[in-house]
Amino acid sequence: MHNYDRTELFIDGQWITPNGTGTVEVIDPATEEVIGGVPSGTADDVDAAVAAARRAFDPLVSVAERRERLARVIDAMQKRLPDIAETITREMGAPVRIAQSVQTQVPLAVARGIADVLEKFEFEERVGNSLVVREPYGVVAAITPWNYPLYQVVAKVIPAIAAGCPVVLKPSNEAPLSTFEFVEAIQAAGLPPGSVNLVTGPGRVIGEHMAAHPEVDLVSFTGSTDVGARVGELAGKTVKKVALELGGKSANVILDGADLATAVKVGVGNAFLNGGQTCMAWTRMLVPQSRYAEALDIAAAAAARYTVGDPWDPGTRIGPSASRSQFETVLGYIERAQRDGARLLTGGAEKIRDTGYFVAPTIFADVDPLSELGQEEVFGPVLAIIPFTDSDDALRIANATPYGLSGAVWAADDDTAIAFARAVQTGQLDINGGPYNPVAPFGGYKKSGIGRELGRYGFEEYLQTKALQLPAPKASA
Ligand code: NAP
């Protein structure tokens, strides 16, 4: 049985009634109905949560103890995944087939990946006469967005637990309910009080207070580039470490000689995954001029298979945009792209259902790479197709945005694709359809962020490094 009327925050190992009296309503984007709410916390609640986390911080906690804690958390989380999947469908409209797979199984794989890292990690190393030791970084502030609510939280809280760092967590107001269920799993796992604390409320109050808090050692933020820059600015004033996972405008580069049909179909699917609300989505498809017409036909046919509708219908592939504001943002981008001269291949801004924030899967051809649609992140089911003349032109276009999060390269052979990929300024690229890897480092170049999440690289973000210079061995008598 779900509890969507949350009135308490989780601080110092217990559910407490917060100091503030307000509630943040949570709206089902498929029905536009209020389904519940969470407390609108205050700066005082953040202070209490940070103080609890500070008390819980034990830099000498053993690795064996951390492994046991992590195993209990993953076990408790796994038991709740079916419930959490339902909640994600309610709070942000993910179709059930996405909620039960990507939205919940990827976080489980990510968590297991971190547990595996912890099993093997070498915490000490000799460098010349120094003993280099890796220690828990300290108190972590984790601020997350709404698009993959469980994944975003897991990608921060699980490595923090593995590293021995207590966390103060603030999920997005748009989709906070699944986080409460995740925190109940943490509670069931019996971690020491203060290990994980949950504070909800507006980002500009809660998030900013967390980022600026002198007792926070590391702030890990995922969200938009503008807010990430603000978080970095606030964190800089107290010289704390900042990890930023921000936006993207990733290029799917299909070079001459690639398997065009596969590359285009996979590319359309990637752009529309989770209704396009995926930071790593390949939202620009770059195709050779010589095969442009063919590519457009394949893309339009592929898009027709992306059914939009009731997220509870197992046949639905695209649910609603997660919120009214996101819905309006996406429609605005579509309307302006048409005004900018892009050619609408399929979809558009017309209303497709009376209720709910549904957007038709939309593809534009002839997109100017420097236009708004060629440059900015839409965060909806909108794909821009851009022709190129040769591979130099493709590389120039691929790199010509402020972002660098993800992407793909398709070519006649892997070596050609890899050689091209080496010159793309981005944190992650799929080569000829290489599958997602939940332990590969994930993060951005340029305005897509600072730092890496997932696997060993993500784990190391939560570790300090200390060098102990050892004396020269005494000469034997
Ligand atoms: P957002 O508006 O930047 O919000 C992200 C989080 O920051 C939310 O919890 C938000 O709280 C909080 N926040 C808002 N203003 C803040 C402030 N002044 N100081 C501190 N925290 C603040 O992003 P979003 O709309 O939730 O998510 C979409 C964006 O996230 C897209 O740009 C997408 O690319 C990016 N994203 C990046 C990745 C990645 O790994 N690189 C992954 C997913 C999403 P409230 O909204 O609750 O007020």
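Residues numbered from 1 in each chain as written. Predicted model: local features only at pLDDT ≥ 70, side-chain atom pairs only at ≥ 80, totals over all residues. Heavy atoms only, no water.

With that out of the way, let us pick up the overall build of the protein. Looking only at helices and strands, one finds 15 helices and 20 strands in the protein. By the compact-globule yardstick of 23 Å for 477 residues, the protein fits well, its C-alpha radius of gyration being 23 Å. Principal axes of the C-alpha set define a box for the protein whose edges measure 80 × 65 × 40 Å. Counting every position in the protein, which comprises 477 residues, the buried fraction comes to 57%. In the protein, the share of contacts with a sequence separation of at least 24, taken over all contacts with a separation of at least 6, comes to 74%. Total accessible area on the protein stands at roughly 18,900 Å², and carbon and sulfur atoms take up 51% of it. One way to put it: in the protein the 42 positive side-chain charges average out to a point 4 Å from where the 58 negative ones average out. (Helix = DSSP H or I, 4+ residues; strand = E, 2+ residues; numbered from the N terminus. Rg over C-alpha atoms; globule rule 2.2 N^0.38 Å. Buried < 20%, exposed > 50% of the residue type's maximum accessible area, 1.4 Å probe, protein only. Contact = heavy atoms within 4.5 Å. Areas by Shrake-Rupley, 256 points an atom, 1.4 Å probe, with all protein chains shown as cover. Lys, Arg positive; Asp, Glu negative; His and termini not counted. Charge placed at Lys NZ, Arg CZ, Asp CG, Glu CD.)

Inspection of the secondary structure assignment puts Glu-453 in the loop between β19 (449-450) and α15 (455-460). Note on Glu-453: relative accessible area 6%, which makes it buried. Of note is the side chain of Glu-453, whose polar atom sits 2.8 Å from the side chain of Lys-156. Apart from residues lying up to four places away in sequence, Glu-453 is in contact with Ala-155, Lys-156, Ser-220, Thr-222, Glu-245, Ala-440, Pro-441, Phe-442 and Gly-458. (Polar contact = N/O pair within 3.5 Å; in protein donor to acceptor, adjacent residues only side chain to side chain.)

Turning our attention to the domain arrangement of the protein. Split into domains, the protein comes out as domain 1 (9-246 + 450-466) and domain 2 (251-438). Look at where the C-alpha atoms of domain 1 and domain 2 centre, and you get two points 30 Å apart. Residue-level contacts link 32 residues of domain 1 with 31 residues of domain 2. Summing the contributions of domain 1 and of domain 2, the shared interface buries around 2,400 Å²; its carbon and sulfur component is 60%. (Domains from an automatic or database assignment. Buried area = accessible area lost by both parts, 1.4 Å probe.)

Pairing is mixed in the open sheet, where 7 strands are placed in the order β14-β15-β16-β13-β12-β17-β18. Unpaired on one side and paired on the other, β14 (343-348) and β18 (430-431) mark the two borders of the sheet. In this structure, strand β15 (residues 360-365) lies alongside strand β16 (residues 382-388), joined through 3 bridges in parallel fashion. Paired with Phe-364 across the strands is Ala-384, a residue of β16. With respect to the sheet, helix α11 (residues 324-339) is in contact with β14, β15 and β16, its orientation differing from that of β15 by roughly 30 degrees. (Pairing = 2+ DSSP bridges. Axes fitted to C-alpha atoms, helices over the stretch in contact; angles between N-to-C directions.)

With numbering aligned to this structure, UniProt lists the feature "active site" (unreviewed entry) at Glu-245. Assignment of secondary structure puts Glu-245 in strand β11 (residues 241-245). Accessibility expressed as a relative area gives 4% for Glu-245, which makes it buried. Other than its neighbours up to four places away in sequence, Glu-245 contacts Phe-221, Thr-222, Gly-223, Leu-405, Phe-442, Gly-443, Gly-444, Ser-448, Gly-451, Arg-452 and Glu-453. (UniProt positions renumbered as here; feature names shortened; annotations may be inferred.)

Another point: the nonpolar core. With 66 residues, the main nonpolar core has Val-157, Phe-182 and Phe-459 as its most contacted residues. Looking at this core element by element, the count peaks at 11 residues for helix α5 (residues 149-163). Split by domain, the residues of this core number at least three in each of domain 1 (9-246 + 450-466) and domain 2 (251-438). Not counting the four nearest positions on each side in its chain, Phe-459 is found in contact with Ile-114, Val-117, Leu-118, Phe-121, Phe-123, Pro-159, Ala-162 and Ala-163. Residues Leu-255, Leu-331, Ala-384 and Ile-386 belong to the second largest nonpolar core, which totals 31 residues. (Core = buried A, V, L, I, M, F, W, Y, C linked by side-chain atoms within 4.5 Å.)

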